[in-house]
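Architecture and fold: a report
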Amino acid sequence: QVQLVESGGGLVQPGGSLRLSCAASGFTFSSYYMGWYRQAPGKERELVARISSAGVIRNYADSVKGRFTISRDNANNTVYLQMNSLKPEDSAVYYCNAPKSWNGGSVFFDSWGRGTQITVSS
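In short, a report on the structure. (Residues numbered from 1 in each chain as written. Predicted model: local features only at pLDDT ≥ 70, side-chain atom pairs only at ≥ 80, totals over all residues. Heavy atoms only, no water.)

Some thoughts on the sheet that holds strand 9 (residues 92–97)
- Pairing in this open sheet of 6 strands is mixed, and the strands run 2-10-9-4-5-6 from one edge to the other. Each edge of the open sheet is held by one strand with a lone partner, namely strand 2 (10–12) and strand 6 (58–60). Across the sheet, the axes of successive neighbouring strands diverge by a mean angle of 25°, strand direction being ignored.
- By the bridge criterion, 3 bridges tie strand 5 (residues 46–51) to strand 6 in an arrangement that is antiparallel. Its bridge partner being in strand 6, Ile51 is matched across the sheet by Arg58. (Pairing = 2+ DSSP bridges. Helix = DSSP H or I, 4+ residues; strand = E, 2+ residues; numbered from the N terminus. Axes fitted to C-alpha atoms, helices over the stretch in contact; angles between N-to-C directions.)

What follows is the structure, given as structure tokens:
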């Protein structure tokens with residue numbers, strides 16, 4: 001049974017930083033690209049960062065490029081998202097999953113985690 005458990009969210013001031021973690025289980029973590037998604041109220045869920053199975057290839061949405069860094073620890077089945085220079089428009093619920101591609105919303109696992117809320121506000 002696939003489980004994805006996100007953590008690390010919270011309230012932060014503009015310009016601040018947060019580090020998100022996603023603990024994965026129930027599948028061969030090291031075989032999959034992993035990604036971080038976010039969904040703001042009234043908006044569709046979007047893929048903001050993706051990392052290849054070995055951690056060599058990383059892709060970022062233009063809106064977060066240069067500010068967010070995705071990384072992974074295959075020994076501990078965990079993917080991270082370091083978020084710096086946060087902006088109010090980064091406020092959303094953040095989720096992890098395994099994307100089938102960079103473009104398009106398809107993922108390998110139907111069972112999403114509960115996500116972790118990020119609120120950027122002064």
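Some remarks on the state of the cysteines
- By the definition in use, this model includes 1 disulfide.
- Disulfide partner of Cys22: Cys96, at an S-S distance of 1.8 Å. On the criterion of sequence distance, the pair formed by Cys22 in strand 3 (residues 18–25) and Cys96 in strand 9 is long-range, its members being 74 residues apart. (Disulfide = S-S within 2.5 Å.)

All we've got here are geometric facts, nothing functional implied.
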